[in-house]
Every structure is written in structure tokens, then in C-alpha cells.
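Geometric and topological summary
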Amino acid sequence: MNRISTICLGLLCFCCTLSAQTSRTFTLSLSDRSQLNIIPTSEKDGGLDVAMLTCYLPNVPSGRAIIDCPGGGYSHLAMNHEGHDWASFFTAKGIAFFVLKYRMPNGDRNIPLGDAYEAFRLVRDSASVWNINPNDLGIMGFSAGGHLASAVSTHAPFEVRPNFSILFYPVISMDERVTHQGSVHGFLADKRSDKSLVREFSSDKAVRRHLTPPAIVLASNDDGGVPPVTNGVAYYSAMRQAGNDCALHIYPTGGHGWGFRSTFRHHQQMVNDLNSWLANLKAPRADAVRVACIGNSITDGSGIDMSDAEGYPAQLQRQLGDKYLVKNLGVGARTMLNKGDFPYMNEMAWRDALAFRPDIAVIKLGTNDSKPYNWEHGKEFQQDMQQMVDSLKALGTKIYLCTPIPAYKVQWGINDSTITTAIIPIIEKVAKKNGCNVIDLHSLFNNDDKRQILPDGIHPNRQGAGQMARLIADAIREK
């Protein structure tokens, strides 16, 4: 009998019924993925030196799944009321639920982070077998586990980054003056005075526009262990300032560490709030056509409040419908030129674009390249664009090269003359050479009513972003 058959047989033998909603429960060791060791349920909460994942699969799967990180100040784990006790709540909704017993860092932050990354790899690798949509896999964390969940949400590579986050009374800051000192000592140990590390792993400082997944934060106003204002509220504020989707619920009493305990005075309200948020969190189709919107601040949605909802990629998503999954990978001020002041291909967003493995890429770069100090390197624009095109072609991606929309003012050095006489001809030349589609936004974009552009003369407002979305959607549908 081969290894896979042995594993499958073992899963069937160790599966048991948790409730009427749970079809199977089993525990896997993360220490040796090649073995996928099955751990008897009685041992699933054993020593803290072995990472394990307890899996609860629902009878009627919705495709959604959650990996849970219990809290414990990075010194122990509250595996029941912040872990296993939640299983039937989620499986009743068709949500697969995974409780992660991560190892304690003892000052080595890579230990719990690595365990969380490995859990995401395992679940996404097994998605088809377990009836899970790999694009609808979230993370949930409590207290120090909330810090781990937020750190994974803000630091993880694309392939192991959650699609959403649920954070209960989370430790967010690593500044021990405003947070839970025990968690800081456990996570950073003798490096907790390193200001760069404190900032890097204070998750509110690590939020990135469009790249940090939607989140809900739940905490108590009277939490004396993890002050909500400098932790959960700080994360919400950073998400809101970035224009990312985030909800915040602060209950008047309850202190710290209530988890799923029914003795928490606001337990039912909390359950209702979480239910409502989950119900309104739209899941992308597993078979959706993946569209990567690559670009600068115009793609990013600079100047548009809540650009994740009103920028051109978000409006393009609504135009195309749920058969497509559109991702905003715009970063402000970025250039196509690798010798420009802020090259796009140096960004995390570019790494995400490749890891996303898009079926379609919409590239809109060139506006910032027109600045005189960037265009000094203009002779390299074609080869740099070719580098981007080659990287996407290697993935089998259909590429749409957009000409920049008009610059209606000379602003920050951006000027329409360089765009029209130098940059657009190169875009057209690269497109012809590589068989790419061209979307001539420079000619098609219309601001005759003076209502499509922000006062800076460069960035489209919400209406202008909607016009861009329609033009790009029409081009994609046409092909």
C-alpha cells in the first residue's frame, strides 16, 4: 500500500463525529509534512514543543475555512475556550475549522510564524480534498494568538497569507509600554529593545494598502491585560487609514480572555456581530478568472476614500462580476523604470502579483516615469517593461498594457508631453512585439465635464475610476 493510501486509510480510522454538523475531526503533526502524522485525539494538546493542527470538517462544506491561533501570552495556550470550543460554531455554518497548536517562540519569532505558515500551506495544499476554497481561508487569533494572526496577515508571503482575519482582544503592539509585556518578552525576548524590530512586528505599523486582508476586531473596553486603544483600536485605525476593509466591536465590559465562554456578559451580542460580519464577507469563487491590476497611485486609488471599495479595481470587480477575482496591486509613486525613484518591481505588490498567478494582468505604469529625474533613464523603459511582460508571460498570463490617462496639469514633474511623445510609443511597441492587448486610456478617458479628475490634475476621483473600470472591463469582455 503506498503512502497516500495509508494516510487516507488512517484519516478514516481516526475521524470521529464532533456533532451533527461535523463529519470528521483529526489531528495532524506539522513537524514533518512528508509524513502527515496522524495524532490520536487524546494527545492533541500534548507538549508545546510539537506543532499540531486539529481539523474539524463540516458535513455540508461552504468552502470557507479558518485557522485558529489560541492565546496565552506566548508562554502557554488556551486551547479550549479560545480553540476547540469554537469548532461546532463554525462547522454548523459549513466552515472548516482548524485549531493550531503552535510552538512557543522563547524569543525566536520565526517559530510560531513558521508554524502558522506551515498550517496555511497544509490547508491550501489539501483544499480540494477537504472541499475548501483556497481563496476563502481566514485566520483567527486571541490575545497573543491575535498578535500571531495579525503578524501573519501583515508579513506572510502571498501563498500563505490569509484572505481575512478575526482578531479577539489582540496584542498588536510590541512596545511593552502600551501592550501586554509577557507577550513582548515571549516574542522578542532580549531583542525587545530593538526599535526596528518593535516597529516591524507592531502589526498596526505593518498594515499595507490592498495587501493586508479584511479584518474584524473584537475587544472589551475594560481590558486591563491588553489595552484596546493601543492594540485592537490601533489596528483598526491603521486599516481604515489604509482604506482597507475592517470592522471594530468594543464591548463595555468583559475584561480579557473570554473566548467562547458563555459567562461573558456580551457573549450573544459578540456571536451576532461575528455572524453578521461573516455573512457579509463575500467569498470569491474558487474557479474565478484572476485579474491583477498592476500600477501606480492611479491604480492604488490615491485620493479616493476607501479605495478598496471605490478605486478602479474595485469598480472593475463589480463590472466583471463574480466570475472574475480582481486584485488591486497598485502602489503610489511607483515607476516602470528600475532606475526610477520608486521602482514597482522592487515592491511586495509585484511579488504578490506573480504569486497570484493571474490569468489576466492589467498594467498601467508610466505616469511617474515622465518626471524629468526619472526620464533621465528613459532609454531603459522598454527593456524594463519587457522584463515585467516576460515574467507574466512565463505564467501564461494574458497581458493588457494601458497607456496612462492624460496628465491635465504639470504636477510633481509629471507632464503629458513626455507621456504622449515618448512613453506611449514604447508601450505600443512592446505590445506589438509581445502580442499584448493595448487599452488606450489616454485617448479614451474623457474629462470634458471636469468631474472625473481630482484637483491635482493627475488622479481620477471616484467617477473617473468608474470610467476607467468600464473601459477596461469592455476591453476584457471584447477579448
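Throughout what follows, the structure given in this document is the object of discussion. Bear in mind the structure is a predicted one, so any value in this text is a computation, not a measurement. (Residues numbered from 1 in each chain as written. Predicted model: local features only at pLDDT ≥ 70, side-chain atom pairs only at ≥ 80, totals over all residues. Heavy atoms only, no water.)

Following the sequence through the fold, S165 ends up in strand β7 (residues 164–168). Through-space distance from the C-alpha of S165 to that of N447 is 39 Å; in sequence the pair is 282 residues apart. Contact partners of S165, with chain neighbours within four places excluded, come to I139, S153, P213, P214, A215, I216 and W277. (Helix = DSSP H or I, 4+ residues; strand = E, 2+ residues; numbered from the N terminus. Contact = heavy atoms within 4.5 Å.)

What follows is about the packing of aromatic side chains. In total, this model carries 26 aromatic pairs according to the counting rule given. Pairing W86 with F168 gives two aromatic rings, centres 5.2 Å apart and planes at 50°, and the pair type is tilted. Linking W86 in the loop between β4 (65–69) and α2 (87–91) with F168 in strand β7, this pair joins segments that are 82 residues apart in sequence. Under the relative-accessibility criterion, W86 is labelled buried at 0%. Centre to centre, the rings of W375 and F381 are 5.6 Å apart; their planes meet at 55°, and the pair counts as tilted. A connected cluster of aromatic rings, assembled from ring pairs, spans Y56, W86, F89, F90, F97, F142, F168, Y169, Y251, W258, F260 and F264. Of note, K93 hangs over the ring of F89, and the distance from its end group to the ring centre comes to 4.4 Å. Residue placement shows K327 over the ring face of F356; its charged tip is 5.6 Å from the ring centre. (Phe/Tyr/Trp six-rings, centres within 6.5 Å; stacked < 30°, edge-to-face > 60°. Buried < 20%, exposed > 50% of the residue type's maximum accessible area, 1.4 Å probe, protein only. Lys NZ or Arg CZ within 6 Å of the ring centre and 35° of its normal.)

Buried residues dominate strand β5 (residues 96–101), accounting for six of its six residues. Taking every second residue as pointing to the same face, both faces of β5 are buried, with A96, F98 and L100 on one and F97, V99 and K101 on the other. Bridge count for strand β3 (residues 52–58) against β5 is five bridges, and the pairing is antiparallel. Looking at the pairing, T54 lines up with V99 of β5. Where β4 lies against β5, four bridges are found, and the strand directions are parallel. Across the sheet, residue I66 finds its bridge partner in β5, namely F97. (Pairing = 2+ DSSP bridges.)

Moving on: the sheet that holds strand β14 (residues 437–439). What the five strands build is an open sheet, ordered β11-β10-β12-β13-β14; its pairing is parallel. Looking along the sheet, the strands with just one partner apiece sit at the ends: β11 (324–330) and β14. Looking at each pair of strands side by side, their axes are set apart by 20° on average, direction ignored. In this sheet, β14 lies alongside strand β13 (residues 398–402) in parallel orientation, the contact comprising three bridges. Paired with Y400 across the two strands is N437, which belongs to β14. (Axes fitted to C-alpha atoms, helices over the stretch in contact; angles between N-to-C directions.)

A separate point is the pairing of β7. Remark: a regular strand shows side chains that alternate across the two faces of the sheet. Counting buried positions along β7 gives five out of five residues, so the element sits mostly inside the fold. Residues F164, I166 and F168 point to one face of β7 and S165 and L167 to the other, with burial holding for every one of them. Judged from the five bridges that link them, strand β6 (residues 137–142) and β7 form a sheet pairing that is parallel. The residue bridging G138 from the neighbouring strand is F164, located in β7. Crossover connection from β6 via helix α4 (residues 144–155) to parallel β7: handedness right-handed. Pairing between β7 and strand β8 (residues 215–220): four bridges, direction parallel. (Right-handed = clockwise from strand over helix to strand, strands pointing away.)

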